[in-house]
Amino acid sequence: MLFNSYPFIFLFLPVVLLGYFALGRRGNLAPVIWLALASLAFYSFSNWQFVALLVGSVAFNYGIGYLLIARKLRPPLRFVVLTAGVAGDLVVLGIFKYAGFLAANFNALFSTGITLHILLPVGISFYTFTQIAFLVDAYRGNVARYALPHYALFVTYFPHLIAGPILHHKDMIPQFERAETKRPDAHLILCGLIIFAIGLFKKTCLADGIQPLVSLAFGPNAPTFDQAWIGALAYTFQLYFDFSGYSDMAIGISLMFGIFLPLNFNSPYKARNIIDFWRRWHMTLSQFLRDYLYIPLGGNRHGRILRYVNLMITMLLGGLWHGAAWTFVAWGALHGAYLCINHAWNNYGPDVAPRFVRLADIAALILTFLSVVVAWVFFRADSIDTALYVLSKMADPTHIAFGKGEMAYALFVAIYAMVAWFASNTQEIMGYDHANRTVAEKLRGLRLRPLFLYATAAVLAFGILGIQQHSEFIYFRF
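Residues numbered from 1 in each chain as written. Predicted model: local features only at pLDDT ≥ 70, side-chain atom pairs only at ≥ 80, totals over all residues. Heavy atoms only, no water.

Draft legend 1. Structural view of helix α14 (residues 304–322). For α14, built from 19 residues, the straight-helix expectation of 27 Å at 1.5 Å per residue is met to within 8% by its first-to-last C-alpha distance of 27 Å. The set of residues buried in α14 consists of Arg307, Tyr308, Asn310, Leu311, Thr314, Met315, Gly318, Gly319, Trp321 and His322. The buried residues of α14 all sit within an arc of 165° when viewed along its axis, so they share a single face. Where α14 is buried, its residues touch α4 (75–110), α5 (124–139), α12 (274–280), α13 (283–297), α15 (326–348) and α16 (357–380). (Helix = DSSP H or I, 4+ residues; strand = E, 2+ residues; numbered from the N terminus. Expected span 1.5 Å × (residues − 1). Buried < 20%, exposed > 50% of the residue type's maximum accessible area, 1.4 Å probe, protein only. Arc of directions from axis to C-beta. Contact = heavy atoms within 4.5 Å.)

Laid out in C-alpha coordinates, this is it:
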(Lines give C-alpha, C1' and ligand atoms only; values in the text may rest on other atoms or scores of the structure.)
Protein backbone atom coordinates (compact mmCIF):
# COMPACT_ATOMS: atom_id res chain seq x y z
CA MET A 1 0.00 0.00 0.00
CA LEU A 2 1.26 3.45 -0.88
CA PHE A 3 1.02 6.57 1.29
CA ASN A 4 -0.01 8.43 -1.87
CA SER A 5 -3.07 6.30 -2.60
CA TYR A 6 -6.76 6.86 -1.95
CA PRO A 7 -7.29 3.63 0.04
CA PHE A 8 -4.51 4.61 2.44
CA ILE A 9 -5.58 8.24 2.91
CA PHE A 10 -9.33 7.74 3.13
CA LEU A 11 -9.64 4.27 4.65
CA PHE A 12 -6.58 2.65 6.19
CA LEU A 13 -5.14 5.65 8.07
CA PRO A 14 -8.44 6.88 9.59
CA VAL A 15 -9.44 3.36 10.68
CA VAL A 16 -6.07 2.65 12.28
CA LEU A 17 -6.04 6.03 14.05
CA LEU A 18 -9.55 5.57 15.43
CA GLY A 19 -8.81 2.04 16.60
CA TYR A 20 -5.53 3.09 18.20
CA PHE A 21 -7.04 5.86 20.30
CA ALA A 22 -10.19 3.90 21.10
CA LEU A 23 -8.11 1.06 22.50
CA GLY A 24 -5.92 3.59 24.29
CA ARG A 25 -8.82 4.24 26.69
CA ARG A 26 -8.69 0.65 27.88
CA GLY A 27 -4.97 0.25 28.51
CA ASN A 28 -1.46 0.68 27.30
CA LEU A 29 -0.79 -2.66 25.63
CA ALA A 30 -3.81 -3.12 23.37
CA PRO A 31 -3.01 -0.07 21.18
CA VAL A 32 0.52 -1.38 20.68
CA ILE A 33 -0.77 -4.76 19.55
CA TRP A 34 -3.37 -3.06 17.34
CA LEU A 35 -0.74 -0.88 15.67
CA ALA A 36 1.60 -3.85 15.12
CA LEU A 37 -1.22 -5.87 13.54
CA ALA A 38 -2.23 -2.88 11.43
CA SER A 39 1.37 -2.58 10.27
CA LEU A 40 1.38 -6.21 9.19
CA ALA A 41 -1.90 -5.62 7.37
CA PHE A 42 -0.37 -2.58 5.68
CA TYR A 43 2.57 -4.72 4.56
CA SER A 44 0.37 -7.57 3.39
CA PHE A 45 -1.63 -5.42 0.96
CA SER A 46 1.21 -5.50 -1.54
CA ASN A 47 3.59 -8.09 -0.05
CA TRP A 48 1.31 -10.75 1.41
CA GLN A 49 3.68 -13.55 0.38
CA PHE A 50 6.45 -12.08 2.58
CA VAL A 51 4.48 -11.43 5.76
CA ALA A 52 5.67 -14.77 7.17
CA LEU A 53 9.26 -13.79 6.38
CA LEU A 54 8.82 -10.48 8.22
CA VAL A 55 7.21 -12.16 11.23
CA GLY A 56 9.92 -14.82 11.25
CA SER A 57 12.61 -12.14 11.14
CA VAL A 58 11.04 -10.37 14.12
CA ALA A 59 10.79 -13.61 16.11
CA PHE A 60 14.34 -14.67 15.24
CA ASN A 61 15.92 -11.38 16.23
CA TYR A 62 13.82 -11.02 19.38
CA GLY A 63 14.99 -14.50 20.41
CA ILE A 64 18.63 -13.65 19.74
CA GLY A 65 18.16 -10.38 21.60
CA TYR A 66 16.65 -12.25 24.55
CA LEU A 67 19.73 -14.49 24.77
CA LEU A 68 22.02 -11.45 24.70
CA ILE A 69 20.02 -9.35 27.16
CA ALA A 70 18.34 -11.68 29.64
CA ARG A 71 20.58 -14.73 29.76
CA LYS A 72 23.85 -14.51 31.61
CA LEU A 73 26.06 -16.04 28.95
CA ARG A 74 29.85 -16.15 29.06
CA PRO A 75 31.59 -13.63 26.75
CA PRO A 76 32.70 -16.19 24.12
CA LEU A 77 29.18 -17.61 23.93
CA ARG A 78 27.66 -14.14 23.69
CA PHE A 79 29.87 -13.44 20.71
CA VAL A 80 28.81 -16.71 19.09
CA VAL A 81 25.14 -15.79 19.61
CA LEU A 82 25.66 -12.32 18.14
CA THR A 83 27.52 -13.77 15.16
CA ALA A 84 24.74 -16.28 14.55
CA GLY A 85 22.11 -13.54 14.74
CA VAL A 86 23.84 -11.12 12.38
CA ALA A 87 24.82 -13.93 10.02
CA GLY A 88 21.23 -15.17 9.94
CA ASP A 89 20.00 -11.68 8.99
CA LEU A 90 22.66 -11.24 6.33
CA VAL A 91 22.08 -14.68 4.83
CA VAL A 92 18.37 -13.97 4.37
CA LEU A 93 19.10 -10.53 2.96
CA GLY A 94 21.78 -12.00 0.70
CA ILE A 95 19.51 -14.70 -0.69
CA PHE A 96 16.67 -12.37 -1.56
CA LYS A 97 18.68 -9.38 -2.65
CA TYR A 98 22.00 -10.60 -4.03
CA ALA A 99 21.65 -14.22 -5.16
CA GLY A 100 20.39 -13.23 -8.60
CA PHE A 101 23.16 -10.64 -8.95
CA LEU A 102 25.84 -13.17 -8.02
CA ALA A 103 24.38 -15.76 -10.39
CA ALA A 104 24.37 -13.26 -13.25
CA ASN A 105 28.01 -12.40 -12.65
CA PHE A 106 28.91 -16.08 -12.31
CA ASN A 107 27.24 -16.71 -15.65
CA ALA A 108 29.11 -13.83 -17.24
CA LEU A 109 32.43 -15.23 -16.05
CA PHE A 110 31.91 -18.96 -16.59
CA SER A 111 28.88 -19.22 -18.95
CA THR A 112 27.18 -21.62 -16.54
CA GLY A 113 23.61 -20.73 -17.54
CA ILE A 114 22.36 -20.45 -13.95
CA THR A 115 19.11 -18.49 -13.78
CA LEU A 116 17.59 -17.16 -10.56
CA HIS A 117 14.46 -15.03 -10.40
CA ILE A 118 13.87 -14.15 -6.77
CA LEU A 119 11.26 -11.54 -5.88
CA LEU A 120 12.65 -8.92 -3.51
CA PRO A 121 10.56 -8.42 -0.34
CA VAL A 122 9.79 -4.72 -0.01
CA GLY A 123 11.51 -3.12 2.96
CA ILE A 124 13.81 -6.06 3.73
CA SER A 125 16.90 -3.84 3.70
CA PHE A 126 15.36 -1.44 6.20
CA TYR A 127 14.01 -3.92 8.72
CA THR A 128 17.16 -6.03 8.49
CA PHE A 129 19.46 -3.09 9.25
CA THR A 130 17.14 -1.95 12.03
CA GLN A 131 17.43 -5.33 13.74
CA ILE A 132 21.18 -5.75 13.20
CA ALA A 133 21.69 -2.48 15.06
CA PHE A 134 19.47 -3.82 17.84
CA LEU A 135 21.52 -7.04 18.15
CA VAL A 136 24.86 -5.22 18.17
CA ASP A 137 23.61 -2.84 20.88
CA ALA A 138 22.26 -5.80 22.85
CA TYR A 139 25.70 -7.44 22.68
CA ARG A 140 27.32 -4.21 23.85
CA GLY A 141 24.96 -4.09 26.84
CA ASN A 142 23.14 -0.99 25.62
CA VAL A 143 19.64 -2.46 25.41
CA ALA A 144 16.99 -2.84 28.08
CA ARG A 145 14.71 -5.87 27.90
CA TYR A 146 11.64 -5.05 25.85
CA ALA A 147 8.28 -6.80 25.66
CA LEU A 148 7.64 -8.68 22.43
CA PRO A 149 4.69 -6.49 21.28
CA HIS A 150 6.78 -3.32 21.64
CA TYR A 151 9.70 -4.89 19.82
CA ALA A 152 7.43 -6.18 17.04
CA LEU A 153 5.93 -2.72 16.63
CA PHE A 154 9.40 -1.15 16.60
CA VAL A 155 10.36 -3.31 13.59
CA THR A 156 7.07 -3.34 11.70
CA TYR A 157 5.82 0.22 12.43
CA PHE A 158 4.22 1.04 9.09
CA PRO A 159 5.29 4.72 8.73
CA HIS A 160 8.88 3.49 8.38
CA LEU A 161 8.54 -0.14 7.28
CA ILE A 162 8.72 0.25 3.51
CA ALA A 163 11.40 2.85 2.95
CA GLY A 164 12.73 4.06 6.27
CA PRO A 165 13.89 5.92 8.18
CA ILE A 166 16.07 3.29 9.84
CA LEU A 167 14.89 3.39 13.44
CA HIS A 168 16.83 2.98 16.66
CA HIS A 169 15.33 1.05 19.54
CA LYS A 170 16.41 3.62 22.14
CA ASP A 171 14.52 6.31 20.30
CA MET A 172 11.37 4.42 19.41
CA ILE A 173 10.46 1.77 21.98
CA PRO A 174 10.29 4.19 24.95
CA GLN A 175 7.81 6.24 22.90
CA PHE A 176 5.69 3.11 22.27
CA GLU A 177 5.76 2.39 26.00
CA ARG A 178 4.48 5.81 27.08
CA ALA A 179 0.80 5.99 28.03
CA GLU A 180 0.58 9.61 26.78
CA THR A 181 1.01 8.52 23.17
CA LYS A 182 -2.19 6.47 23.40
CA ARG A 183 -4.33 9.55 23.93
CA PRO A 184 -5.23 11.77 20.96
CA ASP A 185 -3.40 15.09 20.94
CA ALA A 186 -5.17 17.60 18.70
CA HIS A 187 -2.01 19.66 18.21
CA LEU A 188 0.10 16.67 17.13
CA ILE A 189 -2.65 15.35 14.86
CA LEU A 190 -2.98 18.76 13.19
CA CYS A 191 0.80 19.14 12.78
CA GLY A 192 1.02 15.59 11.47
CA LEU A 193 -1.68 16.35 8.91
CA ILE A 194 0.12 19.51 7.78
CA ILE A 195 3.47 17.73 7.39
CA PHE A 196 1.76 14.84 5.59
CA ALA A 197 0.08 17.31 3.21
CA ILE A 198 3.39 18.99 2.40
CA GLY A 199 4.99 15.61 1.72
CA LEU A 200 2.09 14.47 -0.43
CA PHE A 201 2.36 17.67 -2.49
CA LYS A 202 6.10 17.13 -2.98
CA LYS A 203 5.51 13.59 -4.18
CA THR A 204 2.47 13.92 -6.42
CA CYS A 205 3.00 17.44 -7.80
CA LEU A 206 6.77 18.01 -7.77
CA ALA A 207 8.46 14.60 -8.05
CA ASP A 208 5.88 13.01 -10.34
CA GLY A 209 5.55 16.29 -12.25
CA ILE A 210 9.18 16.38 -13.36
CA GLN A 211 9.53 12.64 -13.90
CA PRO A 212 8.69 12.75 -17.67
CA LEU A 213 11.78 14.89 -18.34
CA VAL A 214 14.08 12.15 -17.05
CA SER A 215 13.53 10.18 -20.27
CA LEU A 216 15.35 12.93 -22.21
CA ALA A 217 18.60 11.45 -20.86
CA PHE A 218 17.62 7.89 -20.02
CA GLY A 219 15.04 7.19 -22.73
CA PRO A 220 15.43 5.27 -25.97
CA ASN A 221 16.55 8.27 -28.04
CA ALA A 222 20.14 9.51 -28.15
CA PRO A 223 20.27 12.77 -26.16
CA THR A 224 22.04 15.93 -27.18
CA PHE A 225 24.23 17.87 -24.74
CA ASP A 226 21.36 19.97 -23.37
CA GLN A 227 18.89 17.09 -23.32
CA ALA A 228 21.35 14.93 -21.35
CA TRP A 229 21.80 17.71 -18.79
CA ILE A 230 18.07 18.39 -18.52
CA GLY A 231 17.35 14.67 -18.07
CA ALA A 232 20.08 14.19 -15.47
CA LEU A 233 19.00 17.29 -13.55
CA ALA A 234 15.35 16.25 -13.79
CA TYR A 235 16.21 12.93 -12.16
CA THR A 236 18.29 14.78 -9.55
CA PHE A 237 15.24 16.79 -8.52
CA GLN A 238 12.75 13.96 -8.98
CA LEU A 239 14.70 11.85 -6.50
CA TYR A 240 15.09 14.86 -4.18
CA PHE A 241 11.38 15.63 -3.95
CA ASP A 242 10.36 11.97 -4.02
CA PHE A 243 12.52 11.11 -1.01
CA SER A 244 11.80 14.39 0.73
CA GLY A 245 8.08 13.86 0.20
CA TYR A 246 8.23 10.31 1.55
CA SER A 247 10.23 11.45 4.61
CA ASP A 248 7.70 14.20 5.37
CA MET A 249 4.74 11.86 4.95
CA ALA A 250 6.31 9.25 7.25
CA ILE A 251 6.94 11.87 9.95
CA GLY A 252 3.46 13.35 9.52
CA ILE A 253 1.69 9.99 9.77
CA SER A 254 3.68 8.99 12.83
CA LEU A 255 3.03 12.33 14.49
CA MET A 256 -0.71 11.70 14.30
CA PHE A 257 -0.08 8.70 16.58
CA GLY A 258 1.98 10.89 18.92
CA ILE A 259 5.26 9.26 17.84
CA PHE A 260 8.23 11.37 16.71
CA LEU A 261 10.28 9.80 13.92
CA PRO A 262 13.91 10.87 13.40
CA LEU A 263 14.71 13.31 10.62
CA ASN A 264 15.95 11.62 7.47
CA PHE A 265 16.23 14.51 5.05
CA ASN A 266 17.57 18.02 5.56
CA SER A 267 17.91 19.99 2.31
CA PRO A 268 20.97 18.04 1.07
CA TYR A 269 21.46 20.14 -2.06
CA LYS A 270 22.32 23.08 0.20
CA ALA A 271 25.43 21.16 1.32
CA ARG A 272 28.77 22.87 0.68
CA ASN A 273 30.78 19.64 0.68
CA ILE A 274 30.16 15.90 0.44
CA ILE A 275 30.65 15.34 4.17
CA ASP A 276 27.85 17.82 4.79
CA PHE A 277 25.76 16.21 2.04
CA TRP A 278 25.83 12.86 3.84
CA ARG A 279 24.77 14.55 7.06
CA ARG A 280 21.67 15.76 5.22
CA TRP A 281 20.77 12.93 2.81
CA HIS A 282 19.27 9.69 4.16
CA MET A 283 20.50 10.74 7.58
CA THR A 284 19.55 7.57 9.44
CA LEU A 285 21.36 5.37 6.90
CA SER A 286 24.46 7.55 7.25
CA GLN A 287 24.29 7.18 11.03
CA PHE A 288 23.89 3.41 10.73
CA LEU A 289 26.86 3.08 8.35
CA ARG A 290 28.97 5.28 10.65
CA ASP A 291 28.07 3.53 13.93
CA TYR A 292 27.83 -0.09 12.77
CA LEU A 293 30.31 -0.29 9.88
CA TYR A 294 32.77 2.61 9.59
CA ILE A 295 33.65 2.83 13.32
CA PRO A 296 33.89 -0.98 13.85
CA LEU A 297 36.20 -1.08 10.81
CA GLY A 298 38.48 1.28 12.68
CA GLY A 299 37.13 4.63 11.56
CA ASN A 300 39.87 7.24 11.72
CA ARG A 301 41.68 5.66 14.66
CA HIS A 302 44.53 4.04 12.71
CA GLY A 303 45.87 6.82 10.56
CA ARG A 304 44.70 8.70 7.51
CA ILE A 305 45.42 6.00 4.95
CA LEU A 306 43.29 3.42 6.74
CA ARG A 307 40.65 6.08 7.26
CA TYR A 308 40.36 6.47 3.50
CA VAL A 309 40.25 2.69 3.06
CA ASN A 310 37.48 2.44 5.64
CA LEU A 311 35.55 5.23 3.94
CA MET A 312 35.76 3.46 0.59
CA ILE A 313 34.65 0.12 2.07
CA THR A 314 31.75 1.80 3.88
CA MET A 315 30.50 3.64 0.82
CA LEU A 316 30.94 0.63 -1.49
CA LEU A 317 28.81 -1.46 0.85
CA GLY A 318 26.40 1.47 1.23
CA GLY A 319 26.04 1.57 -2.53
CA LEU A 320 25.49 -2.18 -2.72
CA TRP A 321 22.85 -1.86 0.02
CA HIS A 322 20.81 0.32 -2.34
CA GLY A 323 20.65 -2.37 -4.99
CA ALA A 324 22.32 -5.48 -6.39
CA ALA A 325 23.85 -3.93 -9.49
CA TRP A 326 27.25 -2.62 -10.57
CA THR A 327 25.73 0.83 -11.10
CA PHE A 328 25.08 1.10 -7.35
CA VAL A 329 28.61 -0.09 -6.63
CA ALA A 330 29.92 2.62 -8.95
CA TRP A 331 27.69 5.18 -7.21
CA GLY A 332 29.03 4.12 -3.81
CA ALA A 333 32.61 4.16 -5.09
CA LEU A 334 32.16 7.68 -6.42
CA HIS A 335 30.84 8.93 -3.08
CA GLY A 336 33.64 7.10 -1.27
CA ALA A 337 36.16 8.88 -3.50
CA TYR A 338 34.38 12.20 -2.96
CA LEU A 339 34.58 11.74 0.81
CA CYS A 340 38.28 10.84 0.67
CA ILE A 341 38.99 13.95 -1.42
CA ASN A 342 36.92 16.06 0.96
CA HIS A 343 38.82 14.84 4.03
CA ALA A 344 42.17 15.23 2.24
CA TRP A 345 41.22 18.80 1.29
CA ASN A 346 40.28 19.55 4.90
CA ASN A 347 43.69 18.27 6.01
CA TYR A 348 45.95 19.66 3.31
CA GLY A 349 43.97 22.31 1.41
CA PRO A 350 44.83 26.02 1.74
CA ASP A 351 42.86 28.39 3.92
CA VAL A 352 40.52 30.80 2.15
CA ALA A 353 41.17 34.51 2.56
CA PRO A 354 38.30 36.19 4.48
CA ARG A 355 37.29 38.36 1.51
CA PHE A 356 36.81 35.27 -0.65
CA VAL A 357 34.83 33.16 1.84
CA ARG A 358 31.45 33.99 0.31
CA LEU A 359 32.69 33.24 -3.19
CA ALA A 360 34.35 30.02 -2.03
CA ASP A 361 31.12 28.89 -0.36
CA ILE A 362 29.15 29.40 -3.58
CA ALA A 363 31.79 27.56 -5.62
CA ALA A 364 31.81 24.71 -3.07
CA LEU A 365 28.00 24.41 -3.20
CA ILE A 366 28.01 24.25 -7.01
CA LEU A 367 30.92 21.76 -7.13
CA THR A 368 29.22 19.54 -4.53
CA PHE A 369 25.94 19.65 -6.43
CA LEU A 370 27.56 18.77 -9.77
CA SER A 371 29.45 15.88 -8.15
CA VAL A 372 26.18 14.55 -6.77
CA VAL A 373 24.50 14.88 -10.20
CA VAL A 374 27.27 12.84 -11.85
CA ALA A 375 26.86 10.12 -9.23
CA TRP A 376 23.05 10.11 -9.69
CA VAL A 377 23.58 9.23 -13.35
CA PHE A 378 25.04 5.88 -12.24
CA PHE A 379 22.28 5.54 -9.64
CA ARG A 380 19.58 5.95 -12.29
CA ALA A 381 21.12 4.13 -15.28
CA ASP A 382 20.30 0.49 -15.89
CA SER A 383 23.94 -0.33 -16.69
CA ILE A 384 27.44 1.10 -16.43
CA ASP A 385 27.52 1.48 -20.22
CA THR A 386 24.33 3.55 -20.17
CA ALA A 387 25.69 5.77 -17.41
CA LEU A 388 28.96 6.37 -19.28
CA TYR A 389 27.00 7.08 -22.45
CA VAL A 390 24.83 9.71 -20.75
CA LEU A 391 27.89 11.28 -19.11
CA SER A 392 29.66 11.38 -22.47
CA LYS A 393 26.71 13.33 -23.90
CA MET A 394 26.79 15.71 -20.93
CA ALA A 395 30.47 16.36 -21.71
CA ASP A 396 29.97 16.95 -25.44
CA PRO A 397 28.72 20.53 -26.13
CA THR A 398 29.10 20.11 -29.90
CA HIS A 399 25.62 18.57 -30.22
CA ILE A 400 22.92 20.92 -28.89
CA ALA A 401 19.21 20.89 -29.71
CA PHE A 402 17.93 23.71 -27.46
CA GLY A 403 14.64 24.22 -29.27
CA LYS A 404 11.50 25.66 -27.69
CA GLY A 405 10.87 22.42 -25.84
CA GLU A 406 14.35 22.30 -24.33
CA MET A 407 14.12 25.96 -23.29
CA ALA A 408 10.82 25.33 -21.52
CA TYR A 409 12.22 22.22 -19.84
CA ALA A 410 15.34 24.12 -18.73
CA LEU A 411 13.14 26.80 -17.15
CA PHE A 412 11.13 24.07 -15.43
CA VAL A 413 14.28 22.52 -13.98
CA ALA A 414 15.55 25.95 -12.90
CA ILE A 415 12.38 26.52 -10.86
CA TYR A 416 12.94 23.21 -9.07
CA ALA A 417 16.53 24.23 -8.35
CA MET A 418 15.38 27.52 -6.83
CA VAL A 419 12.95 25.67 -4.55
CA ALA A 420 15.61 23.14 -3.47
CA TRP A 421 18.24 25.80 -2.79
CA PHE A 422 16.29 28.73 -1.39
CA ALA A 423 13.03 27.47 0.14
CA SER A 424 12.80 26.49 3.80
CA ASN A 425 12.37 22.80 4.40
CA THR A 426 9.45 21.23 6.20
CA GLN A 427 11.07 20.90 9.61
CA GLU A 428 12.09 24.57 9.49
CA ILE A 429 8.58 25.65 8.53
CA MET A 430 6.99 23.47 11.19
CA GLY A 431 9.60 23.84 13.94
CA TYR A 432 9.95 20.05 14.17
CA ASP A 433 12.32 19.20 17.02
CA HIS A 434 12.77 15.46 17.23
CA ALA A 435 15.19 15.55 20.16
CA ASN A 436 12.87 17.58 22.39
CA ARG A 437 9.64 16.03 21.04
CA THR A 438 8.13 19.36 20.07
CA VAL A 439 6.62 20.67 16.87
CA ALA A 440 5.12 23.99 15.80
CA GLU A 441 5.00 25.44 19.30
CA LYS A 442 4.43 28.89 17.78
CA LEU A 443 1.35 27.61 15.98
CA ARG A 444 -0.51 27.04 19.23
CA GLY A 445 -1.14 30.76 19.80
CA LEU A 446 -0.77 32.05 16.27
CA ARG A 447 -3.36 34.59 15.18
CA LEU A 448 -3.00 33.49 11.59
CA ARG A 449 -3.82 29.92 12.52
CA PRO A 450 -7.01 29.85 10.38
CA LEU A 451 -5.04 31.05 7.35
CA PHE A 452 -2.46 28.39 8.07
CA LEU A 453 -5.17 25.76 8.08
CA TYR A 454 -6.63 27.04 4.81
CA ALA A 455 -3.18 26.87 3.22
CA THR A 456 -2.78 23.32 4.50
CA ALA A 457 -6.13 22.34 3.08
CA ALA A 458 -5.12 23.77 -0.29
CA VAL A 459 -1.78 21.94 -0.29
CA LEU A 460 -3.50 18.72 0.73
CA ALA A 461 -6.09 19.14 -2.00
CA PHE A 462 -3.44 19.71 -4.65
CA GLY A 463 -1.54 16.69 -3.37
CA ILE A 464 -4.64 14.47 -3.48
CA LEU A 465 -5.64 15.72 -6.91
CA GLY A 466 -2.13 15.01 -8.14
CA ILE A 467 -2.29 11.36 -7.15
CA GLN A 468 -1.67 9.17 -10.15
CA GLN A 469 -2.98 5.67 -10.50
CA HIS A 470 0.21 4.01 -9.24
CA SER A 471 3.34 5.97 -8.43
CA GLU A 472 5.77 4.20 -6.13
CA PHE A 473 8.43 5.99 -4.16
CA ILE A 474 11.89 5.47 -5.64
CA TYR A 475 13.27 4.15 -2.35
CA PHE A 476 10.70 1.33 -2.33
CA ARG A 477 13.11 -0.64 -4.52
CA PHE A 478 15.79 -0.74 -1.84
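Draft legend 2. Main features of the side chain of serine 244. Mapped onto the fold, serine 244 is located in helix α11 (residues 225–256). Residue classification places serine 244 among the buried positions, given a relative accessible area of 4%. With residues near it in sequence (within four places) discarded, serine 244 still touches Lys202 and Phe265.

Draft legend 3. Representation of the packing of aromatic side chains in the model. For the structure on display, the rule yields 48 aromatic pairs. Ring centres of tyrosine 20 and phenylalanine 257 lie 5.2 Å apart, and the angle between their planes is 80°; this geometry places the pair in the edge-to-face category. Taken as a pair, tyrosine 20 in helix α1 (residues 6–24) and phenylalanine 257 in the loop between α11 and α12 lie far apart in primary sequence, 237 residues in all. Per residue, the accessibility class of tyrosine 20 equals that of phenylalanine 257, and both read buried. Geometry around tyrosine 235 places arginine 380 over its ring, the cationic atom sitting 5.9 Å from the centre. (Phe/Tyr/Trp six-rings, centres within 6.5 Å; stacked < 30°, edge-to-face > 60°. Lys NZ or Arg CZ within 6 Å of the ring centre and 35° of its normal.)

Draft legend 4. Up close: the nonpolar core. Among the nonpolar cores identified, the biggest contains 147 residues, and Phe8, Phe158 and Phe257 are the most heavily contacted of them. If one sorts the elements of this core by residue count, α11 sits on top with 18 residues. Among residues more than four places away in sequence, those in contact with phenylalanine 8 are Met1, Leu2, Phe3, Leu13, Pro14, Phe42, Phe158, Phe196 and Ile253. (Core = buried A, V, L, I, M, F, W, Y, C linked by side-chain atoms within 4.5 Å.)

Draft legend 5. Quick peek at the confidence of the model for the protein. Put simply, the protein has an average pLDDT of 90, and 96% of its residues get 70 or more. By mean pLDDT, helix α20 (residues 449–465) is the weakest element of the protein at 70, and helix α17 (residues 384–394) is the strongest at 96. (pLDDT = per-residue confidence, 0-100.)

Draft legend 6. Geometry of the pattern of salt bridges. Taken as a whole and assessed by the stated rule, the structure comprises 8 salt bridges. Of the charged contacts, one joins aspartate 137 and arginine 140 as a salt bridge, the two residues approaching to 3.9 Å between their closest N and O atoms. Classification of aspartate 137 by relative accessible area gives buried; the value is 4%. (Salt bridge = Lys/Arg side-chain N within 4 Å of Asp/Glu carboxyl O.)

Draft legend 7. Summary view of the packing of α4 against α5. Direction vectors running N to C along α4 and α5 enclose 175°, while the axes themselves pass 10 Å from each other. Taken as axis vectors, α4 and α5 run roughly antiparallel relative to one another. Contact residues: Arg78, Phe79, Leu82, Gly85, Val86, Asp89, Leu90, Val92, Leu93, Phe96 and Lys97 in α4; Ile124, Ser125, Thr128, Phe129, Ile132, Leu135, Val136, Ala138 and Tyr139 in α5. Counted by class, the contact of α4 with α5 contains 14 nonpolar, 3 polar and 3 charged residues. (Axes fitted to C-alpha atoms, helices over the stretch in contact; angles between N-to-C directions. Parallel < 35°, antiparallel > 145°, perpendicular 65-115°, else oblique. Nonpolar A, V, L, I, M, F, W, Y, C, P; charged D, E, K, R; others polar.)

Draft legend 8. Unusual backbone geometry, seen in detail. In this structure, serine 267 is a non-glycine residue whose phi angle is positive, near 45°. Take serine 267: it is sitting in the loop between α11 and α12. The phi angle at histidine 282 is positive, at roughly 45°, despite the residue not being glycine. Along the chain, the position of histidine 282 falls in the loop between α12 and α13. With a relative accessible area of 0%, histidine 282 lands in the buried category.

Draft legend 9. Representation of the side chain of lysine 203 in the model. Mapped onto the elements of the fold, lysine 203 is located in helix α9 (residues 186–210). Non-local contacts of lysine 203, meaning those with residues more than four positions away in its chain, are made with Asn4, Asp208, Phe241, Asp242, Ser471, Glu472 and Phe473.

Draft legend 10. Spotlight on a nonpolar patch on the surface. The grouping of Val91, Ile95, Phe106, Leu109, Phe110, Ile114, Leu116 and Ile118 at the surface amounts to a nonpolar patch, some 750 Å² of accessible area in total. Within the element layout of this structure, isoleucine 95 appears in helix α4. Residue classification places isoleucine 95 among the partly exposed residues on the basis of a relative accessible area of 45%. (Patch = residues over 30% accessible without salt bridge, like charges linked within 9 Å, V, L, I, M, F, W, Y side chains within 5 Å. Areas by Shrake-Rupley, 256 points an atom, 1.4 Å probe, with all protein chains shown as cover.)

Draft legend 11. Broad picture of the packing of α11 against α16. At a minimum axis distance of 9 Å, the contact between α11 and α16 shows a crossing angle of 90°. If you check the angle between α11 and α16, you find them roughly perpendicular. Where α11 abuts α16, its residues Trp229, Ala232, Leu233, Tyr235, Thr236, Phe237 and Leu239 lie against Phe369, Leu370, Val373, Trp376, Val377, Phe379 and Arg380. Class assignment for the residues of the contact of α11 with α16 results in 12 nonpolar, 1 polar and 1 charged.

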